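Listed here are the chains, written in short residue letters.
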Amino acid sequence: MPLYEYRCRTCKRRVTLLRSFTDTTTPHCPECDGEDLRRLVSRVSVVRSEESRLESLADPSSLAGLDESDPRSIARWMRKMSQETGEDMGPEFDEMVDRLEAGEDPEEIESSMGDLGEEGLGDYDL
Ligand SMILES: [Zn+2]
């Protein structure tokens, strides 16, 4: 299942949810249980790819071995996602993967890069 990033308008947090493509239920904020979530185009998520590619990514085995508490594991997974979609994810993506591979805390990377993304391409409604 792909990761989707949302901005919760209730508690103003940025939250990441793992959702299936066919899940049409209203997402709930894991922090405050609010329903007023606005979907972000995430540097982590791959949401604009062709359907056939998305189906291969939706295969649970593509997430096998992902340890979200291990930055290097996330970096490997992000590279794999990027390679499978064949999309140029942009310099921010590369920087993020590099920093994850260096063992940096994903939260810190997010907070140091987050403002850039919100001013630019990283934050618009689909
Ligand atoms: Zn919330």
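Presented here is a report on the structure given in the accompanying data block. Please read all numbers here as calculations on a predicted model, not as lab measurements. (Residues numbered from 1 in each chain as written. Predicted model: local features only at pLDDT ≥ 70, side-chain atom pairs only at ≥ 80, totals over all residues. Heavy atoms only, no water.)

Let's talk about the overall build of the chain
For step 1, the next point in the chain: Each helix and strand in the chain was counted, giving four helices and three strands.
For step 2, the next point in the chain: Counting helices and strands in the order they occur from the N terminus, the chain gives β-β-β-α-α-α-α.
For step 3, the next point in the chain: The buried share of the chain, reckoned over its 126 residues, is 39%.
For step 4, the next point in the chain: Considering only contacts within the chain whose residues lie at least 6 apart along the sequence, 52% involve residues at least 24 apart.
For step 5, the next point in the chain: Of the roughly 7,500 Å² of accessible surface on the chain, 45% is carried by carbon and sulfur atoms. (Helix = DSSP H or I, 4+ residues; strand = E, 2+ residues; numbered from the N terminus. Buried < 20%, exposed > 50% of the residue type's maximum accessible area, 1.4 Å probe, protein only. Contact = heavy atoms within 4.5 Å. Areas by Shrake-Rupley, 256 points an atom, 1.4 Å probe, with all protein chains shown as cover.)

Quick look at helix H3 (residues 91-101)
For step 1, the next point in the chain: Considered for burial, the residues of H3 that qualify are Phe93, Met96, Val97, Arg99 and Leu100. Along the long axis of H3, the arc covered by the buried residues comes to 165 degrees, so they all point the same way.
For step 2, the next point in the chain: Looking one or two residues past H3, Gly103 carries a phi angle of roughly 90 degrees, positive in sign. (Arc of directions from axis to C-beta.)

What about the pattern of salt bridges?
For step 1, the next point in the chain: As enumerated under the stated definition, the model contains six salt bridges in all.
For step 2, the next point in the chain: The residue Arg79 makes a salt bridge to Glu101 at a minimum N-O spacing of 3.0 Å. Residue Arg79 is located in helix H2 (residues 71-85), and its partner Glu101 is located in helix H3; the two are separated by 22 residues in the primary sequence.
For step 3, the next point in the chain: Given a relative accessible area of 30%, Arg79 falls into the partly exposed group. (Salt bridge = Lys/Arg side-chain N within 4 Å of Asp/Glu carboxyl O.)

Description of the coordination of the zinc ion
For step 1, the next point in the chain: Donor atoms from the polypeptide that bind the zinc ion are Cys8 (SG), Cys11 (SG), Cys29 (SG) and Cys32 (SG), placed at 2.3 Å.
For step 2, the next point in the chain: Given four donor atoms and angles of 104 to 114 degrees at the metal, the environment of the zinc ion is assigned as tetrahedral.
For step 3, the next point in the chain: Motif for the zinc ion, donor spacing along one chain: C-x2-C-x17-C-x2-C.
For step 4, the next point in the chain: For Cys32, a relative accessible area of 32% puts it in the partly exposed group. (Donors = N, O, S within 2.8 Å, 3.2 Å for Na, K, Ca; no water. Tetrahedral: all angles 85-135°; square planar, octahedral: opposite > 155°, others 65-115°.)

Focus on the pairing of strand S1 (residues 3-8)
For step 1, the next point in the chain: Here S1 lies mainly inside the structure; six of its six residues are buried.
For step 2, the next point in the chain: Of the two faces of S1, the one holding Leu3, Glu5 and Arg7 and the one holding Tyr4, Tyr6 and Cys8 are both buried throughout.
For step 3, the next point in the chain: Two elements, S1 and strand S2 (residues 14-18), share five bridges in a ladder whose sense is antiparallel. Counterpart to Arg7 in the pairing with S2 is Arg14.
For step 4, the next point in the chain: Hairpin geometry of S1 and S2 is characterised by an intervening segment of five residues between the two adjacent antiparallel strands and by a positive phi of about 65 degrees at Lys12.
For step 5, the next point in the chain: The pairing of S1 with strand S3 (residues 37-40) spans four bridges and is classified as antiparallel. When the sheet's bridge partners are listed, Tyr6 is paired in S3 with Arg39. (Pairing = 2+ DSSP bridges.)

Taken by themselves, the reported measurements are silent on function.
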